[in-house]
Amino acid sequence: MDDSLQLNLRLMEALLFASANPIPETVMVERLPDDADIPLLLETLQEHYKDRGVNLVKVNKAWAFRTAPGLGSRLIVEREITRKLSRAAIE
């Protein structure tokens, strides 16, 4: 992989990880260098992350990293919280 492609791939990966919301391809075009091949970069990242804990997925017309299917339920933490009863509940 040439240096320019590697740099663009790293930039796109960082952009996606840093964003709280899915990123449309139009924003990627604005934020990445002019020589960035957006479809190739997205395909490369999807392939790289396909068997990992997060996957690159298309959400409507934008892209985002999401927890891999089958792992979400393992990340849920349930805790019992004990609270004092209010005065009205005690009466």
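The structure under discussion appears in the preceding block.
We now turn to the structure provided with this report.

### Brief notes about the overall build of the protein
Moving on, step 1. Across its full length, the protein holds four helices and three strands.
Moving on, step 2. Each helix and strand of the protein, ordered N terminal to C terminal, gives the series α-β-α-α-β-β-α.
Moving on, step 3. Classification of the 91 residues of the protein by burial places 23% in the buried group.
Moving on, step 4. Counted over contacts in the protein with a minimum sequence separation of 6, partners at least 24 positions apart contribute 45%.
Moving on, step 5. If you sum the accessible surface of the protein, you get close to 7,400 Å²; carbon and sulfur atoms cover 50% of it.
Moving on, step 6. In the protein, the 12 positive side-chain charges and the 14 negative ones have mean positions that sit 14 Å from each other.

### A short note on the packing of helix α1 (residues 3-18) against helix α3 (residues 38-49)
Two quantities define a packed helix pair, namely the angle between the axes and the distance from one axis to the other.
Moving on, step 1. Across the interface, α1 lies against α3 with an axial gap of 10 Å and an inter-helix angle of 70 degrees. Here α3 runs roughly perpendicular to α1, going by the angle between their axes. Each of Leu-5, Asn-8, Leu-9, Met-12, Glu-13, Leu-16 and Phe-17 in α1 lies in contact with α3, whose residues at this interface are Ile-38, Leu-40, Leu-41, Leu-42, Thr-44, Leu-45 and Tyr-49.
Moving on, step 2. For the contact of α1 with α3, the residue count by class is 11 nonpolar, two polar and one charged.

### Description of unusual backbone geometry
Moving on, step 1. Unusually for a residue other than glycine, Asn-60 sits at a positive phi of about 55 degrees.
Moving on, step 2. Mapping Asn-60 onto the fold places it in the loop between β2 (54-59) and β3 (62-67).
Moving on, step 3. Owing to a relative accessible area of 74%, Asn-60 belongs among the exposed residues under this scheme.

### Points about the sheet that holds strand β1 (residues 23-24)
Moving on, step 1. Here we have three strands laid out as an open sheet, ordered β1-β3-β2, and antiparallel in their pairing. With one partner strand each, in any of the chains shown, β1 and β2 form the two edges of the open sheet.
Moving on, step 2. Pairing geometry for β1 and β3, over two bridges, is antiparallel. Bridge assignment links Ile-23 to a residue of β3, and that residue is Trp-63.
Moving on, step 3. Docked against the sheet, α1 engages β1, β2 and β3, running at close to 70 degrees with respect to β3.
Moving on, step 4. Its contacts with the sheet put α3 on β2 and β3, and the angle it makes with β2 is roughly 140 degrees.

So, how was this worked out
Residues take numbers from 1 onward in each chain, read along the sequence in its written order. Selection of residues for local features in this predicted model requires a pLDDT of at least 70, selection of side-chain atom pairs for listing and counting requires 80 or more, and totals for whole chains, interfaces and linings are taken over all residues. To get the side-chain values, take all heavy atoms of the structure and skip hydrogens and water. Each helix is a run of DSSP H or I of at least 4 residues and each strand a run of E of at least 2, with the numbering of both proceeding from the N terminus. Note on exposure labels: buried denotes an accessible area under 20% of the residue type's maximum, exposed denotes more than 50%, and partly exposed covers the range between, all computed with a 1.4 Å probe on protein chains only. We call two residues in contact when some of their heavy atoms are within 4.5 Å. Note on areas: Shrake-Rupley with a 1.4 Å probe; residue coverage comes only from the protein chains shown. In this tally Asp and Glu are treated as negative and Lys and Arg as positive; neither His nor the chain ends contributes. Charge coordinates come from a single atom per side chain, which is NZ of Lys, CZ of Arg, CG of Asp or CD of Glu. For helices, the fitted line uses only the C-alpha atoms of the stretch in contact; every axis is such a line through C-alpha atoms, and the angle between N-to-C directions lies from 0 to 180 degrees. By definition in this entry, angles of less than 35 degrees are roughly parallel, angles greater than 145 are roughly antiparallel, angles of 65 to 115 are roughly perpendicular, and the rest are oblique. Classification convention: Asp, Glu, Lys, Arg as charged; Ala, Val, Leu, Ile, Met, Phe, Trp, Tyr, Cys, Pro as nonpolar; all other residues, Gly among them, as polar. Strands were regarded as paired on the criterion that DSSP finds at least two bridges between them.

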